[in-house]
Amino acid sequence: MTTGGPLIVQSDRTILLESDHPEAAEAAIAIAPFAQLSKTPEHIHTYTITPLGLWNARASGHDAEGVVDVLLDYAKHPVPHELLLDIVDVMDRWGVLTLTRSPVHGLVLESTDAALLDSLLTQPDLAGKTGARIDAGSVAVHPSERGELKHVLLKLGHPVADAAGYVDGEAHAIDLTERPEQSEPEGGQDSVADGAWALRPYQARAVDTYLAGESGVVVLPCGAGKTLVGAAAMARVKATTLILVTNSVSAKQWKAELLRRTTLTEEEIGEYSGTVKEIRPVTIATYQVLTTRRKGSYLHLELLDARDWGLVIYDEVHLLPAPVFRLTAGLQARRRLGLTATLVREDGREDEVFSLIGPKQFEVPWKEIEQAGYIASAHCHEVRVRLDSGLRRAYGSAEGEDRYRLAATADSKIPVVKELVESHGDAQILVIGQYIDQLEELGAALDAPVLTGRTPEREREELYAGFRAGTVRVLVVSKVANFSVDLPEASVAIQVSGSFGSRQEEAQRLGRILRPKATARSAEFYTVVTAETVDERFAAHRRRFLTEQGYSYTIENR
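Description of the structure in this document. Predicted model, so just to flag it, every value in this text is computed and none were measured.

Attention now moves to the sheet that holds strand 23 (residues 490-495). One open sheet holds the 7 strands; their spatial order is 21-22-20-23-24-19-25, and the pairing between them is parallel. The sheet is open, and its two edges are formed by strand 21 (450-451) and strand 25 (553-557), each paired on a single side. The sheet contacts of helix 17 (residues 436-446) involve strand 20 (428-432), strand 21 and strand 22 (474-477), and relative to strand 22 the element is tilted by about 165 degrees.

See below:
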């Protein structure tokens, strides 16, 4: 049966979405839990269906019947029958293999398919990871191999549901200071007085869903209060907690938020970073310090065993450095919570997040939260400028990163940025870029302060404070502001250059301006790109994720 819908579903596991179709936005949201956007030209968007996407959907509550129904409901033409069978087969693999805890045998891998278990145990990659065969459908597992076993089996095409439970960890009293009867004011959770706040319904659902299942990842848009989900999980678990964050600024913001939203005191929260080494019932550590090496050895691994942690939280899990995955393999007996705005990783290690942190447990589409008024509505714009004639020859002969840098830092962007800033005369504006010399030129042109990784931390905090207070209206920032920076009044972002085609970076940068505003002002997100260059091509790649979330871009040529 065909419905004349916006989707063309193909046997190679790709889906074509006609972006001009009246049901396009609705269909995009419906397929987002299990399909990943890969191409976004003007009229036809291409999605791919992968086993990992299907297993994440299954782990977060979607079944094969629901996925098949979505494809059939929105398809323009008949859906290939073999694809539907393939989807059912792949999703049905979830739950076949389960890790459990036996009072007699300890950690056990159970299979509902004895023949499959027979076959898997002959795989060389599983050598040394399992112990004695218990019966036809189960085998003992060495506790130290819990994480690596899941990762290897995932690579072999068979995900493992981890129901083996976790150590309780050291008990520690933590409660939220919320008042559930308090209604949320127009400015959002950030504008309420201390103690006069409440978890939003989707935040409470995220915590309930996470704690009802295994360890895993909660996916919420930037500005939707992921930190509060972490705090609420801590209050439910009531145990010592290790929080891993991207940088020291994020660590300080986590600490401030925990002091504001929970009963924790200054003495109960420690910071473990390059300058401070405090280990307390709640310890906030940076990824960088955890991965610091000297003569091939990690210097701070003792942090992982410094307390009997009952919960480990990974903030911005999509930015988790590769070495931490190996360290995480040894934390499988502890409950883990990943927080992120996107599961997209530019290094392709989404499978390691799935097997070592856990599958996606909860997600709410950005547009759904926007429609509920919890994050600001946003308009996205791509403004294209021309490459100056004097640079065309240099650009034509350049290669690799030099070629991109020439295009991304074109001088023709500066007057356009000035015009955009002037057109939003009363707004708080972030100008964001990748290259320091370009940012310094923009700072001079706009008479605005410039904040980069070189900016001393005290000055950095003063600039952030000035921006929040409104005394600094325009702030030029490098990629240090991509993540974990709390600037709720920012309503305009102008992106002039980025990390090549990074989709996660695009999501993070839009997230800087999505906090709800007391004035109900909508957010404006501009990307200034150099037309007919690699800069334009990378920009098209970056905007995929936001298009997948339901945002559309207007394109303007200057």
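A word on the packing of aromatic side chains. According to the stated counting rule, one finds 4 aromatic pairs in the structure shown. With 5.2 Å between their ring centres and 80 degrees between their planes, Tyr404 and Phe538 make a pair best called edge-to-face. In this pair, Tyr404 sits in helix 15 (residues 400-408) while Phe538 sits in helix 20 (residues 534-542), placing the two residues 134 residues apart along the sequence. These aromatic residues form a ring-pair network of at least three members: Tyr404, Tyr435 and Phe538. The ring of Tyr272 has Lys277 sitting right over it, with the charged end atom 5.8 Å from the ring centre.

Mapped onto the fold, Ala376 is located in the loop between helix 13 (366-371) and strand 19 (378-385). You can call Ala376 buried: its relative accessible area is 7%. For the pair Ala376 and Arg521, spaced 145 residues apart in sequence, the C-alpha separation works out to 7.3 Å.

Each strand in a sheet pairs with its neighbour through backbone hydrogen bonds, running either in the same direction (parallel) or in the opposite one (antiparallel). Strand order in this open sheet of 7 strands is 12-13-11-16-17-10-18, and the pairing throughout is parallel. Only two strands of the sheet have a single partner each, and these edge strands are strand 12 (269-272) and strand 18 (360-363). Going across the sheet, the axis of each strand differs from the next one's by a mean of 20 degrees, ignoring polarity. Where strand 12 meets strand 13 (residues 282-286), 4 bridges bridge the pair, whose relative direction is parallel. Residue Ile269 lies in a different strand from strand 13, and its bridge partner there is Val282.

Cut-offs used in this document
- Residues numbered from 1 in each chain as written.
- Predicted model: local features only at pLDDT ≥ 70, side-chain atom pairs only at ≥ 80, totals over all residues.
- Heavy atoms only, no water.
- Pairing = 2+ DSSP bridges.
- Helix = DSSP H or I, 4+ residues; strand = E, 2+ residues; numbered from the N terminus.
- Contact = heavy atoms within 4.5 Å.
- Axes fitted to C-alpha atoms, helices over the stretch in contact; angles between N-to-C directions.
- Phe/Tyr/Trp six-rings, centres within 6.5 Å; stacked < 30°, edge-to-face > 60°.
- Lys NZ or Arg CZ within 6 Å of the ring centre and 35° of its normal.
- Buried < 20%, exposed > 50% of the residue type's maximum accessible area, 1.4 Å probe, protein only.

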